[in-house]
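In case you want the letters, here they are:
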Amino acid sequence: MIGKSGVNSILNFLKGILMTESNLMVISVMDRDRSGIVAEVTEGISALGGNLADLRESVLCGYFTMILLAGFPGNVTAEQVEKGLAKQTSSRVSVEPAEGALVEAQASEHVYVLSAVGRDRVGLVAQVSRFCCNRGVNILDLASHVDGDQYTMMLQIDLSDIQSLEEFKSELSAFGDASHLNLVLQHNDIFRATNEI
Amino acid sequence: MIRSDQILKTVEMIQKEHLDVRAVTMGICLLDCRTGDAESTALKIREKIRTLAGDFVATCDRIGGKYGVPVVNKRISVTPIAHVGAGFSCDGFIRLAKALDEAATEVGIDIIGGFSANVEKGINLGDMNLIRAVPEALAVTGKVCSSINAGSTRHGLNMDAVALLGETVKAAADASASSHGFGAAKLVVFANQPGDNPFMAGAIHGLGEADAVINVGVSGPGVIARALERRIAAEGAENLGLDDLAEEIKQATFRVTRCGELIGRQVAKALGLPFGVVDLSLAPTPSVGDSVGEILNILGVDDIGAPGSTAIVAMLNDAVKKGGSFASQSVGGLSGAFIPVMEDSVLADAAERGCLTLEKLEAMTCVCSVGLDMVPIPGDTDPETIAAIIADELMIGVINSKTTAARLIPVPGKAAGDFVSFGGLFGESVVLPIRNTGKSSRFVKFGGRIPAPIHSLKN
């Protein structure tokens, strides 16, 4: 009998094949925030026969950004999509054919959340992300906010390539001391368990 | 991605409030270890525990380390030994107790529970020999805990057993007089004892359970106390009602329970065993800031035992159950707040000041688990009075369809007001006075059974 996770992986595999055949493209949009951006872009995609697979949007200080994944008929090129969308919207749009993994990395047992809190200064994110990069740690998601002069960063990171968690933790601790950051590493599942119903 | 404020709240709970998993307990069935004699049964018991639990402690530590949530106590509960050693003499049962102690040492755990019997309706020969062996078994072993179920809502209270257990509690304390009667701290008498409780001293692996199972006890009261303090500091006590505070307890318990179940399931998976239950009990330790009594202070009584204490315990217990039940896939065990006097520094202080009395403790146990727990009483208390206190406590459970228990320690050579300390998790306190000592022997000597209660006409 196939377990739930087995069924999911088969579905993801099939989804991947279908998406490959339908010519998947990544579209990014950026503009000063105003009403109608999502409507214009998605109408443009529909007009070209595109089927929306996934979408993320965010607004920061009045600026809007969005990244979309859409499957198009086989004969449609990235240039055609870019031109097509330019007719529909005044927002800046760039289009790339999607390559590589079509299914987003599943939350694995190696996904951790690193929270970093410290006094706001130039280069904090650069320092932390360089620390991760030097150890082959991929940042899956990152959010930050400033509260007075305190800067807080939340990084979702993938530690698949870390050989020794203990060693990484001690390096992290030394890095935290040297850079005056309060760094806490916890497994992603803890946050899911305590915050999701 | 989870929101930043949620991440920070959880980080705070783990880092500052010392969120942990209080107990991961492996239940092990020993029925297949029975042979014809105590010596070979003892060997099979050691072998089975070693085989199943050899990696238990290391696995708990590894998974606790991975998730950054420590597993404080790693324990084992076994099939009530009266079933395993039926037909053995008292000496045979003591041999089995030593085997449990040796096995516990071999696998690196601090406490093993299950030197136990169920005599809720009658005492068979095996039960009798086990109970008679209890005082010596607890005196000659360091890690073995004993529990006896003497009543249930279905069958009523076995007063013959209660009378015998009054004598047994006294004998257990006297047999360990050199350690202030510590033997009695490892003996608990129950009504409606659950078979899946992960907390000591009353943990057993019940007869309805699988061959081996992992049960988990959630983090202690400290996390709940800090959550309440934070809410009151943020919004001001004058702006909050008790319903708001009950909601805060629910939400904190939800998080605590989720963490406990996550760790427990991971341990069970790593060991290839089924996961049993999460026990929602708030179990205090003598450490400052890990006290149920402190929660009562925060919720508005200036001293524990003051009028209002019972109402607050009731609200606390209910809110914990609501939050925990929603969080967990399978809840069981005792699941309520514990009020063990010696193990809770705030309760012990209140007892020392004379604010918390045995009678008020008894009232509070009507609305929480698990009963008169870790209560030191004068060493010269007569066995009939001890039996009568046990009977009072157990009938609260029998009538109200809940678990209650008594863990009384008649401290040899000590009188009311004297100080006794067992150290470590077992804590310290003054000896509580018992009013009206020696006035219950006619009641206890009747023996027989208090019949099972009627299940309608509830009032």
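Residues numbered from 1 in each chain as written. Chains lettered and ligands numbered in written order. Predicted model: local features only at pLDDT ≥ 70, side-chain atom pairs only at ≥ 80, totals over all residues. Heavy atoms only, no water.

1. With respect to the nonpolar core
All names here are of chain B. Under the convention used in this document: What is meant by a nonpolar core is a set of buried Ala, Val, Leu, Ile, Met, Phe, Trp, Tyr and Cys residues, joined one to another through side-chain atoms within 4.5 Å. When accessible area is computed with a 1.4 Å probe and restricted to protein chains, residues below 20% of their type maximum are described as buried, those above 50% as exposed, and intermediate ones as partly exposed. Domain segmentation is taken from an automatic or database assignment of domains. A contact between two residues is defined here by any heavy atoms of the two lying within 4.5 Å.
Of all hydrophobic cores here, the largest spans 132 residues; its most connected members are Ile-49 and Ile-76. The residues that make up this core include at least three from each of domain 1 (22-191) and domain 2 (220-444). Every residue in contact with Ile-76, bar those within four places of it in the chain, is listed here: Thr-25, Met-26, Ile-28, Ile-49, Ala-53, Phe-56, Val-107, Ile-109, Ile-111, Ile-112, Gly-113 and Met-200. Core analysis: the next-biggest nonpolar cluster, separate from the first, contains 25 residues, Ala-23, Val-411, Val-420 and Val-431 among them.

2. Topic: the pattern of salt bridges
Residues and elements named next belong to chain B. What counts here: For this analysis, a salt bridge means a side-chain nitrogen from Lys or Arg found within 4 Å of a carboxyl oxygen belonging to Asp or Glu. Helix and strand definitions here come from DSSP, where helices need a minimum of 4 consecutive H or I residues and strands a minimum of 2 consecutive E residues; each element is numbered from the N-terminal end.
Under the counting rule described, the total for this entry stands at 28 salt bridges over all chains. With a shortest N-O distance of 2.9 Å, Asp-290 and Arg-22 are connected by a salt bridge. Of this pair, Asp-290 sits in the loop between strand E8 (275-279) and helix H11 (292-298) while Arg-22 sits in strand E1 (residues 21-28), placing them 268 residues apart in sequence. The pair Asp-290 / Arg-22 is uniform in exposure class, with both members buried. The residue Arg-407 makes a salt bridge to Glu-343 at a minimum N-O spacing of 3.4 Å. Placement of the pair is Arg-407 in strand E10 (residues 404-411) and Glu-343 in the loop between helix H12 (309-327) and helix H13 (345-352), with a sequence separation of 64 residues. Glu-343 shares its class with Arg-407; the two are buried. Residues participating in the shared-partner salt-bridge network are Glu-39, Arg-46, Arg-50, Arg-95, Glu-102 and Glu-106.

3. Re a negative patch on the surface
Note the cut-off: Like-charged residues are merged into a patch within 9 Å and nonpolar side chains (Val, Leu, Ile, Met, Phe, Trp, Tyr) within 5 Å, provided each residue has over 30% relative accessible area and no salt bridge. Note that accessible areas follow from Shrake-Rupley with a 1.4 Å probe, and for residues the cover is restricted to the protein chains shown. His is not counted, nor are the chain ends, whereas Lys and Arg count as positive and Asp and Glu as negative. In this description, the location of a charge corresponds to atom NZ of lysine, CZ of arginine, CG of aspartate or CD of glutamate.
A contiguous patch of negative charge, built from Glu-79, Glu-82, Glu-96 and Glu-99 of chain A, is present on the exposed surface. Residue classification places Glu-82 of chain A among the partly exposed residues on the basis of a relative accessible area of 33%.

4. As for the side chain of Asp-31 of chain A
Residues and elements named next belong to chain A. The topology assignment puts Asp-31 in strand E1 (residues 24-32). By relative accessible area, which is 17% here, Asp-31 ends up buried. In this structure, Asp-31 is in contact with Ile-37, Tyr-63, Phe-64, Ser-90 and Ser-91, ignoring residues within four places of it in sequence.

5. Here's the deal with the confidence of the model for chain A
Convention followed: On a range of 0 to 100, pLDDT expresses the predictor's confidence in each residue.
Averaged over all residues, the pLDDT of chain A is 84; the fraction at 70 or higher stands at 85%. For the stretch residues 1-7 of chain A, pLDDT sits under 50, and the model shows two contacts to residues farther than four places along the chain or on other chains.

6. Things to note about the interface of chain B and chain A
Stated precisely, the cut-off is as follows: Once two parts are joined, some of their accessible surface, as seen by a 1.4 Å probe, is lost; buried area is that loss totalled over both. As used in this structure description, the phrase polar contact means that two N or O atoms lie within 3.5 Å; if the pair is within protein, one of them must be able to donate a hydrogen and the other to accept it, and residues adjacent in sequence are counted only when both atoms belong to side chains. Just so you know the grouping, Ala, Val, Leu, Ile, Met, Phe, Trp, Tyr, Cys and Pro go in nonpolar, Asp, Glu, Lys and Arg go in charged, and all remaining residues, Gly too, go in polar.
Taken residue by residue, the interface counts 22 residues in chain B and 27 residues in chain A. Summed over both sides, the interface of chain B with chain A buries roughly 2100 Å², with 68% coming from carbon and sulfur. Seen at the junction of chain B and chain A, the total is one salt bridge. One can count six residue pairs in polar contact (both at pLDDT 80 or more) joining chain B with chain A. Among the elements of the structure, helix H1 (4-15), helix H3 (56-67) and helix H10 (242-271) of chain B are those that each provide at least two residues to the side of chain B that touches chain A. Class assignment of the residues belonging to the side of chain B that touches chain A gives a composition of 13 nonpolar, six polar and three charged.

7. Some thoughts on the domain arrangement of chain B
Residues and elements named next belong to chain B. Here the domain parsing of chain B yields domain 1 (22-191) and domain 2 (220-444). The C-alpha centroid of domain 2 is placed 22 Å from the C-alpha centroid of domain 1. Taken together, the contact between domain 1 and domain 2 spans 43 residues of the former and 47 residues of the latter. Both faces combined, the contact of domain 1 with domain 2 buries some 3400 Å², and carbon together with sulfur accounts for 76% of it. Interface area lost by domain 1 to domain 2 is led by Arg-22, Lys-170 and His-180, which between them contribute 18%. Counting every contact that joins domain 1 to domain 2 gives one salt bridge. Between domain 1 and domain 2 we count eight residue pairs in polar contact (both at pLDDT 80 or more) in total. Elements with a minimum of two residues in the side of domain 1 that touches domain 2: E1, H3, strand E2 (71-78), strand E4 (144-152), strand E5 (156-158), helix H7 (159-175), helix H8 (182-185) and strand E6 (187-191).

8. Re the sheet that holds strand E2 (residues 51-60) of chain A
All names here are of chain A. The condition that has to hold: By definition, two strands form a pair when at least two bridges between them are found by DSSP. Only the stretch in contact is used when a helix axis is fitted, and all axes are lines through C-alpha atoms; the angle between N-to-C directions ranges over 0 to 180 degrees.
Read from one edge of the open sheet, four strands run E2-E3-E1-E4, paired in antiparallel fashion. Pairing within the sheet leaves two strands with one partner each, and these edge strands are E2 and strand E4 (92-97). In this sheet, adjacent strand axes meet at a mean angle of 15° when their direction is disregarded. On top of the sheet, helix H2 (residues 37-47) reaches E1, E2 and strand E3 (63-71); it is set at about 20° to E3, its chief contact. Packed onto the sheet, helix H3 (residues 78-88) meets E1 and E4 and runs at close to 160° relative to E4.

9. Considering the sheet that holds strand E5 (residues 111-119) of chain A
All names here are of chain A. Here we have four strands laid out as an open sheet, ordered E6-E7-E5-E8, and antiparallel in their pairing. Each having just a single partner strand, strand E6 (138-147) and strand E8 (182-187) make up the two edges of the open sheet. With strand direction ignored, the average angle separating the axes of adjacent strands in the sheet is 15°. Here E5 pairs with E8 via six bridges, running antiparallel. Paired with Val-117 across the bridge in E8 is Asn-182.

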